[in-house]
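Structural features, examined
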Amino acid sequence: MTVAGWIILLVTVGGMTAMLAWCITKVVTTPGATEHMHSQADIHTPDVDED
Amino acid sequence: MAKPTRSIESWGTRVGVILAVTGSAVGLGNFLRFPGQAAQNGGGSFLIPYIVAFILLGLPIAWVEWALGRYGGRKGFNSLPGIFRSVWGRDAGAYAGVLGLIIPVMIYMYYVFVEAWCLAYAFQYLTGGLRLGANPGAYEDHFNHFVGINQNGSAFGTSAIWFLIVCFVINFVLIYRGLSKGIEWFCKWAMPALVICALIVLVRVLTLGTPNPDLPDQNLVNGLGAMWNPAREGQTMLQSLARPEIWVAAAGQIFFSLSVGFGIVITYSSYLKRDDDVALSGMTAAAGNGWCEVALGGMITIPAAFVFLGQAFVDNPPGTFGMGFVALPSVFNQMPAGSFFGFLFFFLLFLAAVTSSLSMLQPAIAFLEEGIGVDRKVSVTLLSLITALGSGFIVYFSQSLLALDTIDFWVGTVCIYLLATIQVVLFAWVLGINKGLEELRRGAEMPVPGWIGPIIKYVAPVYLLLLFGWFVYDQVRQTLDPETSSYLDTIAENRTAQLSVGLVLLTAVFFTLLTVLAVRRWRENEAAQQEASS
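Everything quoted here is computed from the prediction, not taken from an experiment.

The secondary structure content of chain B amounts to 24 helices and zero strands. The globule rule puts the C-alpha radius of gyration for 534 residues at 24 Å, and the 23 Å found for chain B is close to it. The principal-axis extent of the C-alpha atoms belonging to chain B is close to 85 × 75 × 45 Å. Out of the 534 residues belonging to chain B, those deemed buried represent 62%. Contacts in chain B between residues far apart in sequence, at least 24 positions, make up 82% of those at least 6 positions apart. For chain B, the exposed surface amounts to about 19,500 Å²; the carbon and sulfur share of it is 63%. Measuring between centres, the 29 positive side-chain charges of chain B sit 12 Å from its 32 negative side-chain charges.

Right under this line is the structure:
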């Protein structure tokens, strides 16, 4: 493992961890955020009800 | 006493939303495709275009998809041809949207096959079929035999075909009966369980040391180097970065794992309400996905593959998705309760794959409903038949997994790349960047920075077009040079590659013809509405 390899590892993993931590903090500290947030999995497609 | 109760409920809701949003993006792309792509494209060098693509393309275009889909939904469309036609105001938009039907349907064809490998491995751990001892080569032989890597048609003689049928039936029943709403539960609870399981595996990988004293170079630190070092034997970092296919593959991997450029996010976001958040939702999904990919996918599979199987295996993995199926069983073999963790990991990965594959047919279902006028159940049945034929083709042409890898490259990388380019141009230049950002900011639970506008309007399209032009030029140059081999050479020389590209073209023709009918139908509806209003 070279120095350049360690730098790429730390920057990549550290950067993604920081970004995820920021998002989680934002969700937790923003009042009412969860009421308007969606994932692909929880979006209901109305065509299912038509059958 | 009421206040603390509300606070506890609120905390539970927030955790649930975080788990659902981040978990929805986790799938085979993170744990299996990413290590395969990194191994084939220079290890640490691959991470440089990967991070650039994440910042300049992945997150901005994820936001573009969420906003464009919600905008199209308000115009009354849920399919890409309908949404693109509505945004562009021309029939040509519908034909550009055909890519958003071809991509998820064709990816579904091979994705379900890889899903079947996960289910089979979970089953084999449960029944003792994967107790193959300490020799890592035994796991490679097992995988090669199981998926039919040595000879076309041989996968039909293994249990792989039965697991594929089980996966097809599971997907068909869940989609046909409209039970996909239940996948929310999977994302909320099964995905965090997968991450915890992966963390346990990561701890074991990081404590492997030098498992074989006869091969002292095959140790963990060198294994991490195989994944993260930007320079490789015979190739410097700059030489790696001078290859356009690395940049295209990195962008393709970002798109694949974020489900951007698939046509899936845009279809689902078309069902959102006008003031639902798309900014924080999109960013949290992207961040959770990126973290799983680099911190788990990048730290586990290639280091383990190097430690047990050496650099030669890392340089020539068995297909884009195969590395994890050879390397990880060697890790589980070195763990206490390894069979249990092996079962748990592959079963949870199977569930993660199911949550993704369930959504892959929705863009085409929405199109058949609103464009052709058939109901959901007919759409699902038709698409299941088409994808079953396509999967059968991929399973039959299993030698070197060439059919799977060829379709994954041309559809899972190149077509996704093209669709992402079309989407960003439509959003920034046709809809207009100001109107687009207004759409993105509506209901946003985070401030959308102003600099994202120039990135979406100028940087992303220029980056995508220049890179694609460079890639095409390099492919033509390599094709004309008799000493180098290009993707075009592979198509020219190999019958399986020719048939695979033929299958892609056949699917494209099929959906284009359906789009001709859909455009005619939409025109008639518009004319009837105009007549009624006048």
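This paragraph deals with the overall build of chain A. A tally of helices and strands in chain A yields three helices and zero strands. Its helices and strands taken in sequence order, chain A reads α-α-α from the N to the C terminus. Taken over the C-alpha trace, chain A has a radius of gyration of 19 Å; the compact-globule value for 51 residues is 10 Å, which it surpasses by more than 25%. Structurally, chain A occupies a C-alpha span of about 60 × 30 × 5 Å along its principal axes. For chain A, the residues scored as buried account for 45% of the 51 residues in total.

Our focus in this paragraph is a nonpolar patch on the surface. Residue and element names in this part refer to chain B. Among the surface-exposed residues, Trp88, Val425, Trp429, Val430, Tyr458 and Val459 lie close enough to one another that they form a single nonpolar patch of about 530 Å² accessible area. Elements represented by at least two residues in the nonpolar patch include exactly α20 (402-430) and α22 (452-480). At three residues, α20 tops the list of elements feeding residues into the nonpolar patch. Inspection of the secondary structure puts Tyr458 in helix α22.

Before going further, it helps to spend a moment on the side chain of Ser384(B). Residues and elements named next belong to chain B. Within the fold, Ser384 resides in helix α19 (residues 376-396). Judged by relative accessible area, which is 11%, Ser384 ranks as buried. Look past the residues within four positions of Ser384 in its chain and what remains in contact with it is Phe168 and Phe172.

All names here are of chain B. Using the criterion set out here, one finds 40 aromatic pairs over all chains in the structure. Plain terms: the ring middles of Tyr125 and Phe332 are 5.8 Å apart, the flat faces sit at 85° to each other, and that makes the pair edge-to-face. A residue pair is termed long-range when its members are at least 10 positions apart, and Tyr125 in helix α6 (residues 99-127) and Phe332 in helix α16 (residues 319-333) qualify at 207 residues. Phe332 carries the same exposure label as Tyr125, and that label is buried. Both rings, one in Phe332 and one in Phe345, keep their centres 5.9 Å apart while their planes meet at 50°; by these two values the pair is tilted. You can see Phe332 sitting in helix α16 and its partner Phe345 sitting in helix α17 (residues 338-360), a full 13 residues away along the chain. Accessibility expressed as a relative area gives 2% for Phe332, which makes it buried. Residue classification places Phe345 among the buried residues on the basis of a relative accessible area of 2%. A connected cluster of aromatic rings, assembled from ring pairs, spans Phe31, Phe113, Trp117, Tyr121, Tyr125, Phe143, Phe146, Phe325, Phe332, Phe345 and Phe346. In this structure, Arg33 is placed above the aromatic ring of Phe256, and the distance from its NZ or CZ to the ring centre is 4.3 Å. Positioned above the aromatic ring of Trp429 is the side chain of Lys457, whose terminal nitrogen or guanidinium carbon lies 4.6 Å from the ring centre.

Further remarks concern the nonpolar core. Residues and elements named next belong to chain B. Within the largest apolar cluster, 210 residues are counted, with the highest numbers of intra-cluster contacts made by Ile107, Trp117, Trp228, Phe255 and Phe345. A per-element tally of this core places α6 first, with 22 residues. If near-sequence neighbours (up to four positions away) are discounted, Phe255 is found in contact with Leu57, Ile61, Val260, Phe262, Ile416, Tyr417, Ala420 and Leu464.

Analysis parameters
- Residues numbered from 1 in each chain as written.
- Chains lettered and ligands numbered in written order.
- Predicted model: local features only at pLDDT ≥ 70, side-chain atom pairs only at ≥ 80, totals over all residues.
- Heavy atoms only, no water.
- Helix = DSSP H or I, 4+ residues; strand = E, 2+ residues; numbered from the N terminus.
- Rg over C-alpha atoms; globule rule 2.2 N^0.38 Å.
- Buried < 20%, exposed > 50% of the residue type's maximum accessible area, 1.4 Å probe, protein only.
- Contact = heavy atoms within 4.5 Å.
- Areas by Shrake-Rupley, 256 points an atom, 1.4 Å probe, with all protein chains shown as cover.
- Lys, Arg positive; Asp, Glu negative; His and termini not counted.
- Charge placed at Lys NZ, Arg CZ, Asp CG, Glu CD.
- Patch = residues over 30% accessible without salt bridge, like charges linked within 9 Å, V, L, I, M, F, W, Y side chains within 5 Å.
- Salt bridge = Lys/Arg side-chain N within 4 Å of Asp/Glu carboxyl O.
- Phe/Tyr/Trp six-rings, centres within 6.5 Å; stacked < 30°, edge-to-face > 60°.
- Lys NZ or Arg CZ within 6 Å of the ring centre and 35° of its normal.
- Core = buried A, V, L, I, M, F, W, Y, C linked by side-chain atoms within 4.5 Å.

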